[in-house]
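Residue strings, one per chain:
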Amino acid sequence: PICDLALRVGLHSGPVTAGVLRGEKSRFQLFGDSVNTAARMESNGKPNAIQASEATAALLTKANKQHWLTPRADLINAKGKGSLQTYWIRPVRRGGSSASGTVVSDSSSWIGSRHT
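Residues numbered from 1 in each chain as written. Predicted model: local features only at pLDDT ≥ 70, side-chain atom pairs only at ≥ 80, totals over all residues. Heavy atoms only, no water.

## A word on a nonpolar patch on the surface
As a reminder of what qualifies: Note on patches: the residues involved have over 30% relative accessible area and no salt bridge, like charges join within 9 Å, and the nonpolar side chains Val, Leu, Ile, Met, Phe, Trp and Tyr join within 5 Å. Shrake-Rupley sampling with a 1.4 Å probe provides the accessible areas, and residues are treated as covered by the protein chains on show and by no other component. Salt bridges are defined as contacts in which a side-chain nitrogen from Lys or Arg sits within 4 Å of a carboxyl oxygen from Asp or Glu. Where helices and strands are cited, they refer to DSSP runs of H or I of at least four residues and of E of at least two residues respectively, numbered from the N terminus. Accessibility here uses a 1.4 Å probe with only protein chains present; expressed as a share of the type maximum, an area under 20% marks a residue as buried, one over 50% as exposed, and anything in between as partly exposed.
A surface patch of nonpolar side chains, about 380 Å² in accessible area, is lined by Val16, Val20, Phe28 and Leu30. Note that Val20 resides in strand 2 (residues 17-21). Judged by its relative accessible area of 48%, Val20 falls in the partly exposed class.

Below is the structure:
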């Protein structure tokens, strides 16, 4: 059977603390407010879309990638953060086409993908 798979991605830029947690299975873990904020971006996102915080949007703008950003039409209410302005990231190749083919629209609840 064919399964539909959707992925939500949340990005935030900021300081983190990293470490290895020991136990039955050792694992690498990230801690801090930046990790929590990224998780809020993901949980408030849309399927097949990348949502970023203002901090990440500022870094993309500084890197001359502001054409990748579309401000989200509504503020999100992130637990422990309050109302936040976020941005959809849609990398654009030179020539104007989307690198992923994903289209994000705040005017509807669907995300469409172009298949190549």
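Following the structure, the description resumes.
## What about the environment of Thr56?
The criterion, for reference: Residue contacts are defined here by distance: any two heavy atoms, one from each residue, within 4.5 Å place the two residues in contact.
Here Thr56 shows up in helix 2 (residues 54-62). The class of Thr56 is buried, set by a relative accessible area of 7%. The spatial distance from the C-alpha of Thr56 to the C-alpha of Tyr87 is 8.9 Å, given a sequence separation of 31 residues. Aside from chain neighbours lying at most four places away, what touches Thr56 is Leu11, His12, Ser13 and Ile89.

## Let's talk about the nonpolar core
Taken as a class, soluble globular proteins show a tendency for nonpolar side chains to be buried jointly. What counts here: As used in this record, nonpolar core signifies buried Ala, Val, Leu, Ile, Met, Phe, Trp, Tyr and Cys residues forming a set joined through side-chain atoms within 4.5 Å.
Counting 6 residues, the largest nonpolar core consists of Ala52, Ala57, Leu60, Leu69, Tyr87 and Ile89. Of all the secondary structure elements, the ones that give two or more residues to this core are helix 2 and strand 8 (87-89). Residues within four places of Leu69 in sequence aside, it is in contact with Ala57, Leu60, Thr61, Tyr87, Trp88 and Ile89.

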